[in-house]
Amino acid sequence: MKELSELIFKEGLRYTNDHEWVTEEGDTLKIGVSDYAQDQMGDIVYVELPDVGTTFQKGEEFGTLESVKAVSELYLPISGEVVAVNDDLGDSPELINQDPYTNWIIEIKPSDPGELDQLLTVADYRELLRG
Amino acid sequence: MRYLPHTDQEIREMLDVVGRKSLDELFCSVPDGCRYEGTMALPEPLNEWSLTERFSDLAEAMAVNHKYKVLIGAGSYHHNIPVTIGSLMSRSEFLTAYTPYQPEMAQGTLQGIYEYQTLTARLLGMDVANASIYDGASALAEALLMGLRIGKKKTKVAVSKAVHPHYRDVAKTYLDPTDYELIELPLDKNGRTDLSGLAGIEGLAAVAIQSPNFFGIIEDLTALGQTIHDNGTLFITCFTEPLAYGLTKNPGECGADIACGEGQSFGIERSFGGAALGMFACLDQFTRNMPGRLVGETTDLEGKRGFVLTLSTREQHIRREKATSNICSNQGICTLIAAMYMSSLGGSGLRELAKLNYDKSEYFKAQLKKNGARITFDSPTFNEFVVEFKEDFQPIYARLLEKKIVAGLELGKYYPELAGKYLFCVTETIAKEVMDMVAGEVKL
């Protein structure tokens, strides 16, 4: 597994304690997992995605990531409605290992865009991992 | 991998290594309140001759297999078991094979389970079958829980009243401590499931139908499945007698999403109610919601065929309370027996045997009718059916019992509205003479 110095922290994204990232695209948000998360999980073999149109509350489980050694829940960092899911992950879940920041998982329309400000900045997140 | 018990010497050596004087001392971290004090009231050990005699006496007391002709199925069926099975199962590789904690060590065991899964999936016409569940009843309960997992926010499941009463009881026990609701679906006058009330049920995740149902009736699964799917609900089919699929359409052909039931019919003795085999299969898209273990085929680094426990990341020992189900085991011996049985008969053998069961029960039905009995439900049946008599059947039942024939199961205990009516079963093991004798008694 990677040392802290080897991990990629992408600037300009917001992060969560559950090692997810969020980025704004117009009035929707894209959500994925961090380099740390994919590195900890190992080879990802399956991504369980929600149906488009489903609404989740902040902190609610919206899917799972399954690797060769574990299954982890994905929690929605911000309340909202799912407007798109990354279908490429169906056939190629390993894309998350290859580039966790390009390969987003779901796109949501937030019910309260203000919640974004409560998430961690890249500096906060780096601090979290430093422990 | 063989299972060998430890000898006293091995136990002593292991205790020496960990620095303990006795087994009691080894388990000292178990709190006193959780430990049994004193010695258990067990009988003294017996030598081999006495033990054999003791077991013959116990077997005599049971009397089911040899002395009596039992015209009851109701979830446990008497079928002839090919001699090949007893012979093969006496081999220690099969009989004592235990899946070790690194299951891939035991390639033979995994291959055995894989073959069972393949045969089960083919029999049921489904994409994926698991490594088995404890019995038919728990398989149904697990199927209902699986339906709720797939249904996400839906909170209700429905079960036909013609599903085996014991299975419904087990499902109730499973669901009782949860917030989920179990609904029972009524029957029509022909003993088939009535779905007319289905549309009125909000938030229904899954519906379970048994076919042949408890009354031996072949349900119109295709039509029921259509109605259930139109309602946006998952379709579970259940069975107690898988032999029927030698003759009728299988669950997959009828559109089932999940098929589950009891595999005792496939080479397993009735043995006082057990052991049992829960068969469980589903469509590919639901595999990750399936309970229990699953063996998969793969290739090793050198490209050679091998077997692995797959999806075990979703099991309880890894995923704890988030696990798909709390089934982390399977009915190893029974799966092997069922696999041997299915491959001994083959597709055409299964069809012939099913036809024989059907023909015999139709003959018996005709004889009973000729002698004044009435067949309660006007529906096609497989090897069981419900009969009613003009007069009280009890004295005839008692007379037949003296002749060592158990003439059917009185239904009042399970269905008060059917009190005085009897469920009969005829398999290939019942000779024409026995059926004629029973029919003859009815006439008298």
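Residues numbered from 1 in each chain as written. Chains lettered and ligands numbered in written order. Predicted model: local features only at pLDDT ≥ 70, side-chain atom pairs only at ≥ 80, totals over all residues.

1. Concerning the overall build of chain B
- The number of helices and strands found in chain B is 13 helices and 15 strands.
- Expressed as lengths along the three principal axes of its C-alpha atoms, the size of chain B is roughly 80 × 60 × 50 Å.
- Residue burial in chain B is summarised as follows: out of 444 residues, 40% are buried.
- Considering only contacts within chain B whose residues lie at least 6 apart along the sequence, 74% involve residues at least 24 apart. (Helix = DSSP H or I, 4+ residues; strand = E, 2+ residues; numbered from the N terminus. Buried ≥ 20, exposed ≤ 12 C-beta atoms within 10 Å, placed from the backbone. Contact = placed C-beta atoms within 7 Å.)

2. A closer look at the overall build of chain A
- Helices and strands together make up the secondary structure of chain A, namely four helices and nine strands.
- When the helices and strands of chain A are listed from N to C terminus, the series reads β-β-β-α-β-β-β-β-β-α-α-β-α.
- Rg of the C-alpha trace for chain A: 14 Å, near the compact-globule value of 14 Å for 131 residues, within the 12% margin.
- Residues counted as buried form 34% of the 131 residues belonging to chain A.
- By sequence separation, contacts in chain A at least 24 residues apart represent 62% of the contacts at least 6 residues apart. (Rg over C-alpha atoms; globule rule 2.2 N^0.38 Å.)

3. Some words on the sheet that holds strand β1 (residues 14-15) of chain A
- Spatially, β1-β2-β3-β9-β8-β5 (chain A) is the arrangement adopted by the six strands of the open sheet, whose pairing is antiparallel. Whereas interior strands pair on both sides, the edge strands pair on one side only; in this sheet they are β1 and β5 (55-56) of chain A. (Pairing = 2+ DSSP bridges.)

4. With respect to the nonpolar core
- Counting 108 residues, the largest nonpolar core has Leu 140, Leu 144, Ala 208, Ile 236 and Cys 260 of chain B as the members making the most contacts within it.
- Looking at this core, the element that brings in the most residues is helix α11 (residues 332-370) of chain B, giving 13 residues.
- Here this core gathers at least three residues from each of two domains, domain 1 (70-75 + 348-443) and domain 2 (89-102 + 119-292 + 329-341) of chain B.
- The contact partners of Leu 144 of chain B, leaving out residues within four places of it in the chain, are Val 157, Ala 171, Ala 206 and Ala 208 of chain B.
- Counting 27 residues, the second-largest nonpolar core is a separate cluster that includes Tyr 15, Val 22, Leu 65 and Leu 74 of chain A. (Core = buried A, V, L, I, M, F, W, Y, C linked by C-beta atoms within 7 Å. Domains from an automatic or database assignment.)

5. Remarks on the packing of helix α12 (residues 394-402) of chain B against helix α13 (residues 432-443) of chain B
All names here are of chain B.
- Direction vectors running N to C along α12 and α13 enclose 145°, while the axes themselves pass 10 Å from each other. Pair α12 / α13 crosses with right-handed handedness. Only Val 438, Glu 441 and Val 442 of α13 make contact with α12, whose side of the interface consists of Ile 396, Arg 399 and Leu 400. (Axes fitted to C-alpha atoms, helices over the stretch in contact; angles between N-to-C directions. Left-handed = near helix turned anticlockwise from the far one by under 90°.)

6. Here's the deal with the environment of Val 442 of chain B
Residues and elements named next belong to chain B.
- With respect to the helices and strands, the residue Val 442 is situated in helix α13.
- The buried category is assigned to Val 442, around which 21 C-beta atoms lie within 10 Å.
- Sequence separation between Val 442 and Phe 393 is 49 residues; the distance between their C-alpha atoms is 8.1 Å.

7. A word on the interface of chain B and chain A
- Taken residue by residue, the interface counts five residues in chain B and six residues in chain A.
- Partitioned by chemical class, the residues of the side of chain B that touches chain A number one nonpolar, one polar and three charged. (Nonpolar A, V, L, I, M, F, W, Y, C, P; charged D, E, K, R; others polar.)

8. Thoughts on the environment of Ala 439 of chain B
Residues and elements named next belong to chain B.
- Within the element layout of this structure, Ala 439 appears in helix α13.
- Residues Ala 439 and Gly 200, 239 residues apart in the sequence, show an inter-C-alpha distance of 45 Å.
- The residues touching Ala 439, leaving out its near neighbours within four places in the chain, are Gln 367, Leu 368 and Asn 371.

9. Details of the domain arrangement of chain B
Residue and element names in this part refer to chain B.
- Taken domain by domain, chain B consists of domain 1 (70-75 + 348-443) and domain 2 (89-102 + 119-292 + 329-341).
- One C-alpha centre belongs to domain 1, the other to domain 2; they are set 26 Å apart.
- Contact residues are listed per partner, giving 21 residues for domain 1 and 18 residues for domain 2.
- Looking at the side of domain 1 that touches domain 2, the elements that each hand over two or more residues are α11 and β12 (384-388).

10. Description of the sheet that holds strand β4 (residues 44-48) of chain A
Residue and element names in this part refer to chain A.
- Taken in spatial order, the three strands make up an open sheet running β4-β6-β7, and their pairing is antiparallel. Both edges of this open sheet fall to β4 and β7 (71-75), since each of them pairs with a single strand only. Along the sheet, successive strands turn relative to each other by an average axial angle of 20°, direction set aside.
- Inspection of the sheet shows strand β6 (residues 61-67) paired to β7 by five bridges, in the antiparallel sense. Residue pairing in the sheet places Leu 65 in a bridge with Ser 72 of β7.

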